[in-house]
Amino acid sequence: MNKKNTQQFVDLDNAREDEQKQVMQEIITADHCPFCLENLRKYHKQPILKEGKYWILTKNQWPYKYTKIHLLAIYKEHATKLSELDPQSGVELLQFMQWAEREHKIPGGGWAMRFGDTNYSAGTVNHLHVQFIQPDIEHPEFEPVRIKLGKG
Ligand SMILES: [Zn+2]
């Protein structure tokens, strides 16, 4: 497998679902970043909940299992490393997370951002984004939602 090519924008190894893998394959063929604004609409069919100066807040197209709410905050410029983020974007990010907590009346959950080399981050899309999750603890088959770090 030619890791260099497939890892540029997406990492198929870290995709979870068949449909997601199919879309990822399209993205690899097109060789562009699915989270960059000019491409986002092509692949991402979920409504944009909020758009700020730095972030777009939307629903995750492929929510993790046993999540009641799974949102994504996507950085509006292509960035893969934390050092590429404008520190001011942290303020807006927190405002968006607070809005989501209020809007969805979320009693508890978590949020996480992977960054950098997808071998370490286990991220699927190599463009900085934040996962915001309320686990669905009332689901009859509920299992804790885990966020993986590191490919393995
Ligand atoms: Zn991008």
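Small disclaimer: the values here were computed from a predicted structure and weren't measured. (Residues numbered from 1 in each chain as written. Predicted model: local features only at pLDDT ≥ 70, side-chain atom pairs only at ≥ 80, totals over all residues. Heavy atoms only, no water.)

Time to look at the overall build of the chain. The helix and strand inventory of the chain stands at five helices and five strands. Principal axes of the C-alpha set define a box for the chain whose edges measure 45 × 40 × 25 Å. Split into buried and exposed, the 152 residues of the chain put 45% on the buried side. Taking contacts inside the chain between residues at least 6 apart in sequence as the whole, the part at least 24 apart equals 60%. A total accessible area of about 9,000 Å² is found for the chain, and carbon and sulfur atoms account for 50% of it. One way to put it: in the chain the 20 positive side-chain charges average out to a point 1 Å from where the 20 negative ones average out. (Helix = DSSP H or I, 4+ residues; strand = E, 2+ residues; numbered from the N terminus. Buried < 20%, exposed > 50% of the residue type's maximum accessible area, 1.4 Å probe, protein only. Contact = heavy atoms within 4.5 Å. Areas by Shrake-Rupley, 256 points an atom, 1.4 Å probe, with all protein chains shown as cover. Lys, Arg positive; Asp, Glu negative; His and termini not counted. Charge placed at Lys NZ, Arg CZ, Asp CG, Glu CD.)

This brings us to the coordination of the zinc ion. Ligation of the zinc ion by protein atoms is provided by Cys-33 (SG), Cys-36 (SG), His-78 (ND1) and His-127 (ND1), these donors lying 2.0 to 2.3 Å from the ion. Coordination geometry of the zinc ion: the four donor atoms subtend angles of 102 to 117° at the metal centre, consistent with an arrangement described as tetrahedral. Residue classification places His-127 among the buried positions, given a relative accessible area of 2%. (Donors = N, O, S within 2.8 Å, 3.2 Å for Na, K, Ca; no water. Tetrahedral: all angles 85-135°; square planar, octahedral: opposite > 155°, others 65-115°.)

Here we come to unusual backbone geometry. Unlike most non-glycine residues, Lys-105 shows phi in positive territory, near 45°. Lys-105 sits in the exposed class, given a relative accessible area of 70%. At Ala-122, a position not held by glycine, the phi torsion is positive, near 60°. Relative to the elements of secondary structure, Ala-122 occurs in the loop between α5 (118–121) and β5 (129–135).

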